[in-house]
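# Examination of the molecular architecture
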Amino acid sequence: MAETISWVATVATIIAAFMTAANLGSRVTGLGFAVFTFGALCWIADGALTHQPALMWTNVVLFVLDIFGVWRWLGRQVRVEEGARSASEASEHTPGEALFPASLLTRAPVRCGEAEVGHCIDAMASCGSGRLDYVVVSEGGVAGVGERLRRLSWSNAHVDGEAVVSDLSAERFQKLEELSRDQWPAR
């Protein structure tokens, strides 16, 4: 019985680690913490059945942290994102420019025409005016390994729904200067 529980705990912990590390949004991260919670309960049971108090008590603490993670990502963060989405949608029906959540600039897909060329990972804005100067777009690679970063001037881009759309062609985008990970342009 203990061996089966330990294998279930192992699989749950691996799946949960992947779900949280993938950073696929608050819902997936929150569900990852829920799976971590299940895994911690299995490890607690395994520790109790095999008389391993260190394993058991470590996972009691992890269980509490996992519950906090579930609340943080499935409770609080989902509501914050729903508030931002609601404000964005409401702004489309009011005078003036429509609004979008700035957090979109850390995750939005980037399109050039119909072609998806990458994903935003960050943006640089002016301290005084708050105007966006450029977004940093990640393209290629897997989980950050082998990716290329490019600077896309905000004058060549805008938000359309949940995506950043550039007026550059995909071919022109590919010719934008590649950025190093740790030194981005000041202007």
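Read on for a plain summary of the structure. (Residues numbered from 1 in each chain as written. Predicted model: local features only at pLDDT ≥ 70, side-chain atom pairs only at ≥ 80, totals over all residues. Heavy atoms only, no water.)

### Digging into the overall build of the protein chain
- Each helix and strand counted, the protein chain has four helices and seven strands in total.
- In terms of overall size, the protein chain is more extended than a compact globule, its C-alpha atoms giving a radius of gyration of 22 Å where 187 residues would be expected to give roughly 16 Å.
- A total of 187 residues make up the protein chain; the buried ones form 32% of that total.
- Pairs at least 24 residues apart make up 47% of the contacts formed inside the protein chain by residues separated by at least 6 positions.
- For the protein chain, the accessible area works out to roughly 11600 Å², and carbon and sulfur atoms hold 61% of it.
- Charge-centre separation for the protein chain: the mean point of 15 positive side chains lies 5 Å from the mean point of 21 negative side chains. (Helix = DSSP H or I, 4+ residues; strand = E, 2+ residues; numbered from the N terminus. Rg over C-alpha atoms; globule rule 2.2 N^0.38 Å. Buried < 20%, exposed > 50% of the residue type's maximum accessible area, 1.4 Å probe, protein only. Contact = heavy atoms within 4.5 Å. Areas by Shrake-Rupley, 256 points an atom, 1.4 Å probe, with all protein chains shown as cover. Lys, Arg positive; Asp, Glu negative; His and termini not counted. Charge placed at Lys NZ, Arg CZ, Asp CG, Glu CD.)

### Some thoughts on the sheet that holds strand β2 (residues 115–125)
- An order of β5-β6-β1-β2-β3-β4-β7 is seen for the seven strands of this open sheet, with the pairing classed as mixed. One side of each edge strand has no neighbouring strand; the edge strands of this open sheet are β5 (157–160) and β7 (178–179).
- Relative to strand β3 (residues 132–139), β2 runs antiparallel, the two sharing six bridges. Counterpart to Cys120 in the pairing with β3 is Val137. (Pairing = 2+ DSSP bridges.)

### Considering the side chain of Ser6
- With respect to the helices and strands, the residue Ser6 is situated in helix α1 (residues 2–21).
- Once residues lying within four places of it in the same chain are set aside, the contact partners of Ser6 are Trp43 and Asp46.

### Some words on the pattern of salt bridges
- Going through the model one piece at a time under the given rule, you end up with seven salt bridges.
- When the shortest N-O distance is used, the salt bridge between Glu162 and Arg107 registers 3.5 Å. Within this pair, whereas Glu162 is found in the loop between β5 and β6 (163–166), its partner Arg107 is found in the loop between α3 (53–91) and β1 (109–112), the two being separated by 55 residues in sequence.
- Since its relative accessible area comes to 38%, Arg107 is described here as partly exposed.
- One salt bridge connects Glu147 with Arg181, and the closest N-O pair in it is separated by 2.6 Å. Here Glu147, found in the loop between β3 and β4 (148–153), pairs with Arg181, found in the segment after β7; they are 34 residues apart in sequence, far enough to count as distant.
- The exposure class assigned to Arg181 is exposed, which follows from its relative accessible area of 52%.
- Taken together, the shared-partner salt bridges in this structure form one network comprising Glu139, Arg148 and Arg150. (Salt bridge = Lys/Arg side-chain N within 4 Å of Asp/Glu carboxyl O.)

### Observations concerning the packing of helix α2 (residues 26–49) against α3
- Between α2 and α3, the shortest axis-to-axis distance is 8 Å and the interhelical angle comes to 165 degrees. The angle between α2 and α3 places the two elements in the roughly antiparallel class. α3 is crossed by α2, and the crossing has left-handed handedness.
- Its residues placed into classes, the contact of α2 with α3 shows 18 nonpolar, eight polar and five charged. (Axes fitted to C-alpha atoms, helices over the stretch in contact; angles between N-to-C directions. Parallel < 35°, antiparallel > 145°, perpendicular 65-115°, else oblique. Left-handed = near helix turned anticlockwise from the far one by under 90°. Nonpolar A, V, L, I, M, F, W, Y, C, P; charged D, E, K, R; others polar.)

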